[in-house]
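Now for the letters of each chain:
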Amino acid sequence: MIETASLVDQYCHGVLRTELGLGTFETQLGGAVGQPAAGTTFFDTQTGFAVRRWCPPLLGLEPHCPPAHYLARRRELGALETGRRLLRSTGIRAYLVDTGLPGDLTGPGETAAVGAAGGHEVVRLERLAERVADVSGGASTFLAGLAESVHHAAATAVAFGAVGATAHGGVLAPEPPGPGAVRGAAVRWLTGRRAGGRLTDPLLLRHLLWTAIGTGLPLQLRPGGGLGDDGAFARTGADSADPVPLTAFAAATAGLGADLVLLGCYPYHRQAARLASVFPHVYVDLGSVLTRTGAGAAAVLAQMLDVAPFGKLMFSSGSRGLPELHVVAAATFREALDRVLGGWVADGAWSPGDARRVAGMIAEGNARRVYGLPAG
Amino acid sequence: MIETASLVDQYCHGVLRTELGLGTFETQLGGAVGQPAAGTTFFDTQTGFAVRRWCPPLLGLEPHCPPAHYLARRRELGALETGRRLLRSTGIRAYLVDTGLPGDLTGPGETAAVGAAGGHEVVRLERLAERVADVSGGASTFLAGLAESVHHAAATAVAFGAVGATAHGGVLAPEPPGPGAVRGAAVRWLTGRRAGGRLTDPLLLRHLLWTAIGTGLPLQLRPGGGLGDDGAFARTGADSADPVPLTAFAAATAGLGADLVLLGCYPYHRQAARLASVFPHVYVDLGSVLTRTGAGAAAVLAQMLDVAPFGKLMFSSGSRGLPELHVVAAATFREALDRVLGGWVADGAWSPGDARRVAGMIAEGNARRVYGLPAG
Amino acid sequence: MIETASLVDQYCHGVLRTELGLGTFETQLGGAVGQPAAGTTFFDTQTGFAVRRWCPPLLGLEPHCPPAHYLARRRELGALETGRRLLRSTGIRAYLVDTGLPGDLTGPGETAAVGAAGGHEVVRLERLAERVADVSGGASTFLAGLAESVHHAAATAVAFGAVGATAHGGVLAPEPPGPGAVRGAAVRWLTGRRAGGRLTDPLLLRHLLWTAIGTGLPLQLRPGGGLGDDGAFARTGADSADPVPLTAFAAATAGLGADLVLLGCYPYHRQAARLASVFPHVYVDLGSVLTRTGAGAAAVLAQMLDVAPFGKLMFSSGSRGLPELHVVAAATFREALDRVLGGWVADGAWSPGDARRVAGMIAEGNARRVYGLPAG
């Protein structure tokens, strides 16, 4: 039995403060994916089945009870009490919260308070740049303010994120853009911009990534930019979670002191694991992959353990909005780890001590080392 | 035990009416793949082993008997009686037959009669356009006839197919071509064409796809165009079953009312499943993937269930020529489904009722809904 | 129980003649991958765990003993005696040694002597061309000498290899370059070259591949050129083991009489297997994939058996430097084969006789046929 009492959730968003009806809950279950097809429901997915397996017992119901019963019980308890019961069941000791999503979501401190754990901020670079632009008079002020803000954020944040940035072509060019080009792009962007306008200019995004690299803090990237983050997918119709196009950027940033953490590469998780085996500064996130694959997660985890050095993989939940997703992530991860590593121990392929040690590394040790968190 | 008594075969071709010798049978086993390498045989494949496992007992022989014994018994019974015994053992209640392949193959009605089931036509768009061209005087007549033929076919067919079309660059551009360009392409194609000449012009193929989309009928597409369909692979030397390049076309056709059904994406079946999770109108075919992977099918099925909503996957056999392939598809599918879903029930990950319900959806329910077939 | 007493290692390098300390040994474990990340070690990988599982007992220690104990025992025995004990435990009856790597490595004859087996040379085309250039006065002499050397090598070598060549764009164009272009490239390369200078000119490499094809000997190719071979990866920052870009080259060389053997395609091993199912002259290597995935190898092997004809897969170790890697390759392969094929026999999917026959084909029979080795 491979046990992992403590977890660090190295990438998540907060949970919704509002009460949820059946329809809203189902939409959240589907993530950024839009509406279900006619005649289908997002409850009929691995995530939906995993929520129905793990969460009802935490609220005093039978596993696999009908969604309507679960939602009724959830409303009875209220969003806050539900959040408390769910998050505190997970064994997550620290939440790294990406604060770049809109919506009535808890921040790092509030998430940590609900979950009785530590909370840390992952600063989303695009949002930070937009806030600087909102208060800048022109390109010079903006660029100076940006540099200062990034370095200021680095003092308290544990990582930077630029999850939607990689959806834009050229952002991952293997060298920083020159100062003239950056200035020109800033002028163009600021000129056409109204307060709150989103940053999607590839050259400025590229400048932002390299500025963040300069701080030495880990940088979280999602190949292809993810579904729906910043609406990039909807705009371009292009989506690929394949991390291989990040290879040149990884080669260019090797040895500069900042680690890269690849998020959400499924079904290219083996490619991500391979990059982590090639580049000392590349790490791979496990969590959201496992959350979305539910009963199939053990096979996915085993594939990620094929070639990645065991010091390069990190648990997360990848949750947004629903504390249920933290529960599913933690339970799915623990079960998959026990099945895969426990199976190898039973076969004599791994020693029990090595298996326990590797489980602890993936569950929390690697994240504590990479993000400089205190020992658990 | 997850049982699926009834199946809808949502994509297949007819069976050969002629008697088959050992060599011809082996060639058919290899699909469109050409000849086996010196010193090897197509019987030494998962499909070959699966045929030898499942079919001999249906003709009164031992499983895994030598191919020559099986073929002798097959000739003794005759092609028709063999077809009857094999097809009627499958539990397939409806055949959706793509009639676009050459050869002495049974059509939907005859296939259905042999199999004592329902039969429906999937109209291959390229073949339909070629038949219209054969009787058209010029571009105007051709284009008018094409529009009429597509809409006429939509009245009786259950779906359109354009399986080889996607091998041609530009066919999947995310908007229909303009009328002038279509007219120019029609003039060029008709000028150089002799009766029976194949349609491979990318612009006309693209026009055809968008005309079909306009009917609201489901459209079956095979990423890369498949091996050997229309000889596209042999001509171009380019082959990829990866559906990711269809993303922009999927985005452009979302909400227009026609569903897209992705065929034959192995080994990119996880990418196909992911597209089905993103776009409400995208569905994924299971069958030919499972037929070709035989003893390995359970692992492939599990991967397709990772992220696809369960309402988006549909069984098929993908058979062409040999009723043995229908047997293998049905048996492989049933065994894989029982192993994968049954395993999850045994682990407590899924409830038994959910597992039975999802099995029925994939086996026939989803196809009946998508193609508007009567309840089984 | 599926047993494979004898193996042919169809792709490996020699073993290091020097004594190894803990640090050097760890570097060798990581292959061409560079240094481990701070806070991690290459011993914490599937390969590292597999070495600790299989090798210590062969030197009289407990499985999974600490690396330092193992290295101490290794030094006590000496490199030669260690090599003897390890290699002779593997059941490898023939080593096909790619002699194109630098370093103090044993050649085919010495490797064979240490392992008490047969030894054969795989001639690396780039190295051969460089040796010819070292003694050639000008382009004409060089090109004539190259043609002669390739055909001379074909008389004694069992295969050609061009493992790093495919990292260079255009090398896999589907036709040989014209004589004028070849001559021009030779003049340019020789002009700027000093003795020992590496051949990286894509046009000359392409000429070399087609010259080798002309001999009819099998040609070993590694999609993307591999990590670190010739430093190509480090130079370009581009790396992909995906064999799909080789499709046009495979189509162009079909029927010319030379087989292509795809090495090291993980995590695109299913794509490689699919190419082997499409082209009669394409074969796929298993070994280094299995060596690197250790406890996960059975799942990888099963995936390669999905669609590849069983006559198209061949064992190898892919080892370089450490005889431990031969041990791991052989043990991992045997265990994976027994688990996968044995499981299918237990399920009734395969007959026991077929399973034993296929095991023998993959272990040695296919390689003996493809490379024209005497029966084992």
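None of these values were measured; they are calculated from a predicted model.

Draft legend 1. Expanded view of the interface of chain B and chain A. Listed per partner, the contact involves 32 residues of chain B and 32 residues of chain A. When chain B packs against chain A, the two sides together hide about 2,700 Å² of surface, and 53% of this comes from carbon and sulfur. Counting the surface chain B buries against chain A, the share from its top three residues, Arg-270, Arg-274 and Asp-306 of chain B, is 23%. Across the pair Arg-339 of chain A and Asp-347 of chain B runs a salt bridge, and its minimum N-O distance is 3.0 Å. In this assembly, chain B and chain A are joined by 14 residue pairs in polar contact (both at pLDDT 80 or more). Elements that contribute at least two residues to the side of chain B that touches chain A include exactly helix H11 (247-253), helix H12 (269-278) and helix H16 (352-371) of chain B.

Draft legend 2. Just the sheet that holds strand E8 (residues 313-314) of chain B, in detail. Residues and elements named next belong to chain B. A sheet is described by the order of its strands in space; here 8 strands give the open sequence E1-E2-E3-E4-E5-E6-E7-E8, paired in parallel fashion. This sheet does not close on itself; its edge strands, each paired only once, are strand E1 (7-12) and E8. Sheet analysis places strand E6 (residues 260-262) next to strand E7 (residues 282-285), joined by 3 bridges and oriented parallel. Its bridge partner being in E7, Leu-260 is matched across the sheet by Val-282. On the sheet, helix H6 (residues 125-134) packs against strand E3 (118-124), strand E4 (159-161) and strand E5 (219-221) and is oriented at approximately 65° with respect to E3.

Draft legend 3. Layout of the relation of the copies chain C and chain A. With an axial shift of 0.0 Å and an RMSD of 0.0 Å, the rotation relating chain C to chain A amounts to 120°. In the structure described here, the two chain copies are related by an operation that fits a three-fold rotation axis. No C-alpha of chain C lies nearer the rotation axis than that of Ala-299 of chain C, which sits 5.1 Å from it. When the interface residues of chain C are mapped onto chain A, a mere 3% of them are again interface residues, pointing to distinct binding faces.

Draft legend 4. How the structure looks around the side chain of Thr-82 of chain A. Residue and element names in this part refer to chain A. Structurally, the position occupied by Thr-82 is in helix H4 (residues 79-88). From its side chain, Thr-82 meets the backbone oxygen of Gly-78 in a polar contact 2.8 Å long. Filtering out sequence-adjacent residues up to four positions away, Thr-82 remains in contact with Leu-59, Arg-74, Leu-77 and Glu-324.

Draft legend 5. Structural context of the nonpolar core. Core analysis: the largest hydrophobic core is formed by 273 residues, its most contacted members being Phe-160 and Leu-341 of chain A, Phe-160 and Leu-341 of chain B together with Phe-160 and Leu-341 of chain C. When residues no more than four places from it in sequence are discounted, the contact partners of Phe-160 of chain A are Val-122, Val-123, Leu-125, Val-150, Ala-153, Ala-154, Ala-212, Thr-215, Leu-217, Pro-218, Leu-219 and Gln-220 of chain A.

Draft legend 6. Here's a closer look at the pairing of strand E7 (residues 282-285) of chain C. Residue and element names in this part refer to chain C. Judged by which residues are buried, E7 turns out to be covered on both faces: Val-282 and Val-284 on one side and Tyr-283 and Asp-285 on the other are all buried. A crossover links strand E6 (residues 260-262) with its parallel partner E7, the connecting element being helix H12 (residues 269-278), and its sense is right-handed. Bridge count between E7 and strand E8 (residues 313-314): 2 bridges; the pairing is parallel. The residue bridging Asp-285 from the neighbouring strand is Met-314, located in E8.

Draft legend 7. A look at the environment of Val-97 of chain C. Residue and element names in this part refer to chain C. Within the secondary structure layout, Val-97 lies in strand E2 (residues 92-98). Note on Val-97: relative accessible area 1%, which makes it buried. In this structure Val-97 touches Cys-12, His-13, Gly-14, Thr-106, Gly-107, Pro-108, Thr-111, His-120, Glu-121 and Val-122, once residues within four positions along its chain are discounted.

Rules used in this analysis
- Residues numbered from 1 in each chain as written.
- Chains lettered and ligands numbered in written order.
- Predicted model: local features only at pLDDT ≥ 70, side-chain atom pairs only at ≥ 80, totals over all residues.
- Heavy atoms only, no water.
- Contact = heavy atoms within 4.5 Å.
- Buried area = accessible area lost by both parts, 1.4 Å probe.
- Salt bridge = Lys/Arg side-chain N within 4 Å of Asp/Glu carboxyl O.
- Polar contact = N/O pair within 3.5 Å; in protein donor to acceptor, adjacent residues only side chain to side chain.
- Helix = DSSP H or I, 4+ residues; strand = E, 2+ residues; numbered from the N terminus.
- Pairing = 2+ DSSP bridges.
- Axes fitted to C-alpha atoms, helices over the stretch in contact; angles between N-to-C directions.
- Least-squares fit on C-alpha atoms with pLDDT ≥ 70 in both.
- Core = buried A, V, L, I, M, F, W, Y, C linked by side-chain atoms within 4.5 Å.
- Buried < 20%, exposed > 50% of the residue type's maximum accessible area, 1.4 Å probe, protein only.
- Right-handed = clockwise from strand over helix to strand, strands pointing away.

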